[in-house]
Amino acid sequence: MTEYKFKVAEHLFRLSFPHKHLAEVSLDNYMPFAISNDSDNCLFNLTVTEDLPEMEKYNFIGDFDNDVASVAVSKNSDGCFCFKISPPGLDVSCTMLVDANFSIAYAKLAGSMSLRTFFLDNCLMLLYAFSTVSLDTLLIHASVVKNEKKGYAFLGKSGTGKSTHSNLWLQHIKNTELLNDDNPVVRIMNDKAYIFGSPWSGKTSCYKNEGVPLKGIVKLNQAPENKIRRLSAIHAYANLLQACSTMRWENIIADGVHNSIEKVVTRTASYHLDCLPDKDAALLSYETVNK
């Protein structure tokens with residue numbers, strides 16, 4: 001048995017490979033978060049296996065898209081889940097079985113090493129998101145920079161320019177660093193909102209085991225001119241909800257997402273930025289959020 005422990009935004013989880021050949025995946029993005037010894041209990045354990053446990057029939061209950069994969073969800077009478085994860089445009093999928101508490105999971109990966117790595121990342125992201133959601137924690141789809149020990153999160157659908165806007169900050173605003181380019185973690189700690197790097201950063205290799213106070217959230221929209229406005233709590237809530245993967249039909253998960261988002265938007269200013277991909281847009285967002 002090969003085991004790894006990782007800690008992301010102070011949440012601990014375990015990854016297990018019962019056979020050496022099953023570990024033929026890339027774990028480079030997880031190494032900054034690896035720990036050797038820790039007495040804390042793990043939130044969840046994922047075991048990669050060739051033979052999924054025999055369990056009673058699962059019934060389809062819903063699906064969702066997390067921007068990089070399609071996820072079909074089924075459930076059995078014991079409250080356990082079966083996730084079928086499929087990449088866009090490919091006729092191959094991964095199956096993951098999870099107990100009702102999102103604490104014990106088994107995944108059967110498929111395909112080449114790059115596909116297996118893709119599936120493993122998506123399994124761990126789902127487990128992390130749903131096991132921490134009742135702990136004032138959100139795994140969100142965003143690009144994040146840090147400047148002067150503060151974090152700034154840029155939201156928007158794929159293709160709206162989140163990474164481009166982060167790069168404009170890096171180019172034009174001194175002391176700016178990229179914290180994560182796809183899936184950072186937001187967590188309420190000591191009654192304040194913090195944002196953390198994670199092992200999941202999309203196509204950008206940025207896996208920083210760091211966390212900073214969350215200064216502002218900016219929803220981006222491509223436009224012919226640069227304009228920014230402060231959002232009301234209800235609009236800030238709606239924007240952040242769109243950035244989270246969730247199963248709205250599961251009350252515990254839906255309530256956890258709701259409570260966590262509510263705490264974040266009441267502690268952090270949120271804005272809507274109509275923007276061009278230029279220096280002025282970066283300066284406008286920086287200066288407005290820091291007024």
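Everything that follows concerns the structure shown earlier in this document.
Residues numbered from 1 in each chain as written. Predicted model: local features only at pLDDT ≥ 70, side-chain atom pairs only at ≥ 80, totals over all residues. Heavy atoms only, no water.

**Q** Looking at this model, I keep getting lost on the packing of aromatic side chains. Mind explaining?
**A** Taken as a whole, this structure holds 18 aromatic pairs when the rule is applied. Taken together, a centroid distance of 4.8 Å and an interplanar angle of 50° make the contact between Y152 and W169 tilted. On the criterion of sequence distance, the pair formed by Y152 in strand β12 (residues 150–155) and W169 in helix α2 (residues 162–172) is long-range, its members being 17 residues apart. By relative accessible area, which is 2% here, Y152 ends up buried. In this structure W169 comes out as buried when scored by relative accessible area, which is 0%. Through a chain of ring-to-ring contacts, the aromatic side chains of Y4, F6, F13, F17, Y30, F44, Y128 and W200 assemble into a single cluster. (Phe/Tyr/Trp six-rings, centres within 6.5 Å; stacked < 30°, edge-to-face > 60°. Helix = DSSP H or I, 4+ residues; strand = E, 2+ residues; numbered from the N terminus. Buried < 20%, exposed > 50% of the residue type's maximum accessible area, 1.4 Å probe, protein only.)

**Q** Got a minute to help me understand the packing of α2 against helix α5 (residues 279–289) in this structure?
**A** Helices that pack against each other are described as a pair by the angle of their axes relative to one another and the distance between those axes. Where α2 contacts α5, the axes come no closer than 9 Å and their chain directions differ by 85°. Put simply, α2 runs roughly perpendicular to α5. Of α5, the residues touching α2 (which contributes H165, L168, W169 and H172) are K279, A281, A282, L283, S285 and Y286. Of the residues that constitute the contact of α2 with α5, the class distribution is 6 nonpolar, 3 polar and 1 charged. (Axes fitted to C-alpha atoms, helices over the stretch in contact; angles between N-to-C directions. Parallel < 35°, antiparallel > 145°, perpendicular 65-115°, else oblique. Contact = heavy atoms within 4.5 Å. Nonpolar A, V, L, I, M, F, W, Y, C, P; charged D, E, K, R; others polar.)

**Q** I keep staring at the pattern of salt bridges and nothing clicks. Help me out?
**A** Side chains bearing opposite charge may pair, as long as their charged atoms lie close to each other. Taken as a whole, this structure holds 7 salt bridges when the rule is applied. For K146, the salt bridge is made with E177, and the minimal N-O distance between the two is 3.8 Å. One end of the pair, K146, is in strand β11 (residues 143–147); the other, E177, is in strand β13 (residues 176–180), with 31 residues separating them in the sequence. Note that E210 is salt-bridged to K146, the shortest N-O span being 2.3 Å. Separated by 64 residues along the polypeptide, E210 in the loop between β15 (192–196) and β16 (211–222) and K146 in strand β11 bring together distant segments of the chain. (Salt bridge = Lys/Arg side-chain N within 4 Å of Asp/Glu carboxyl O.)

**Q** So what exactly am I meant to see when it comes to the sheet that holds strand β4 (residues 44–48) here?
**A** Consider a sheet: its strands pair through backbone hydrogen bonds, and that pairing is either parallel or antiparallel. Ordered in space as β3-β1-β2-β4-β9-β8-β7-β6-β5, the 9 strands form an open sheet in which the pairing is mixed. Either end of the sheet is taken by a strand with one partner, and the two such strands are β3 (34–35) and β5 (59–65). As defined by bridge partners, β5 adjoins strand β6 (residues 70–75) across 6 bridges and the pair is classed as antiparallel. Following the sheet pairing, N59 is matched in β6 by K75. On top of the sheet, helix α1 (residues 113–132) reaches β1 (2–8), β2 (11–17), β4, β5, β6, β7 (81–86), β8 (94–98) and β9 (104–108); it is set at about 160° to β4, its chief contact. (Pairing = 2+ DSSP bridges.)

**Q** Looking at this structure, I do not really get the side chain of T137. What am I missing?
**A** With respect to the secondary-structure elements, T137 resides in strand β10 (residues 137–139). Note on T137: relative accessible area 0%, which makes it buried. Within the local environment of T137, its side chain forms a polar contact with the side chain of H11, the two groups lying 2.8 Å apart. Within the structure, the side chain of T137 is placed 3.0 Å from the backbone oxygen of L135, a separation counted as a polar contact. Not counting residues within four places of it along the chain, the set of residues in contact with T137 comprises H11, Y128, T132, V185, V186, R187 and S260. (Polar contact = N/O pair within 3.5 Å; in protein donor to acceptor, adjacent residues only side chain to side chain.)

**Q** Which parts of the structure should I look at to understand the pairing of β4?
**A** In summary, the side chains of a regular strand alternate between the two faces of the sheet. For β4, the tally of buried residues reaches 5 of 5 residues, placing the bulk of the element in the interior. Note that β2 and β4 share 4 bridges and pair parallel. In the sheet register, L15 faces β4, and the bridge partner there is L46. Looking at chain direction, β4 and β9 are connected through 4 bridges and run parallel. The residue of β9 that forms the bridge with N45 is I104.

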